[in-house]
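A structural walkthrough
Residue-level listing of the chains:
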Amino acid sequence: DEIINKGVDIKYVINKIGKPESIADEVTSMGHPRLYGIGDGCRTPNDMIIQRTDKKAIQSTALLKKWDQAFIKRSNGVWTVAFMIDRALQPKHISRRRRDCARWCTVWEIDPRSMELEESMLFVINDDGATKIINKKCWGKYVRRMKK
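Definitions and cut-offs
- Residues numbered from 1 in each chain as written.
- Predicted model: local features only at pLDDT ≥ 70, side-chain atom pairs only at ≥ 80, totals over all residues.
- Heavy atoms only, no water.
- Pairing = 2+ DSSP bridges.
- Helix = DSSP H or I, 4+ residues; strand = E, 2+ residues; numbered from the N terminus.
- Axes fitted to C-alpha atoms, helices over the stretch in contact; angles between N-to-C directions.
- Buried < 20%, exposed > 50% of the residue type's maximum accessible area, 1.4 Å probe, protein only.
- Arc of directions from axis to C-beta.
- Contact = heavy atoms within 4.5 Å.
- Phe/Tyr/Trp six-rings, centres within 6.5 Å; stacked < 30°, edge-to-face > 60°.
- Lys NZ or Arg CZ within 6 Å of the ring centre and 35° of its normal.

If you walk across this open sheet you meet the 5 strands as β4-β3-β2-β1-β5, and the pairing is antiparallel. Every other strand in the sheet has two partners, leaving β4 (131-135) and β5 (143-145) as the edge strands with one partner each. The mean angle between the axes of side-by-side strands here comes to 45 degrees, regardless of whether they run parallel or antiparallel. Here strand β1 (residues 69-73) pairs with strand β2 (residues 79-91) via 5 bridges, running antiparallel. Residue pairing across strands places I72 opposite T80, the latter belonging to β2.

For helix α3 (residues 54-61), every residue scored as buried is listed here: A57, I58, S60 and T61. Viewed along the axis of α3, the buried residues span an arc of 160 degrees, placing them on a single side of the element. In this structure, the buried side of α3 is in contact with β3 (117-124), α4 (139-142) and β5.

Attention shifts here to the side chain of T80. Summarising the element assignment, T80 is placed in strand β2. The exposure class of T80 is buried, given its relative accessible area of 7%. Every residue in contact with T80, bar those within four places of it in the chain, is listed here: G39, D40, G41, A70, F71, I72 and R74.

What follows covers the packing of aromatic side chains. Applying the stated rule across the entire model yields 1 aromatic pair. Summarising the aromatic geometry, the rings of Y36 and F71 are spaced 5.2 Å apart at their centres and angled 90 degrees between planes, so their arrangement reads as edge-to-face. Taken as a pair, Y36 in the loop between α2 (10-17) and α3 and F71 in strand β1 lie far apart in primary sequence, 35 residues in all. In this structure F71 comes out as buried when scored by relative accessible area, which is 0%. When the ring centre of Y36 is taken as origin, the NZ or CZ atom of R43, which lies over that ring, is 4.2 Å away.

Here you go:
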């Protein structure tokens, strides 16, 4: 929160988090899952927490905290690493035209008396700071937590 509120460029924050420096850094000595950098594809389903039902998957995703890494299903079907950087009630977007881009609204832009709202998460998906908004109803299909 503090980093975002100060207006620091999201690309700077992402690059400060860093990636493994070598392949040797990808597996811990205790045999825990490999480290992933932002945008990396999932190497094995064993690195993901996979739930049997959509309801349980949504509950699992709800456990994510700001700056947690998670796997996000991209439009090409590949699961890649992203950081969850915000979670808030956001307006439901009625328009489904392909060229409409969803954007993250600030608390000052949201009027709960006149807008239909839905809990959503904002993820940074690559080093360039590209973001993806995923509404709660889609968490089970498009978000998986990482095994620790």
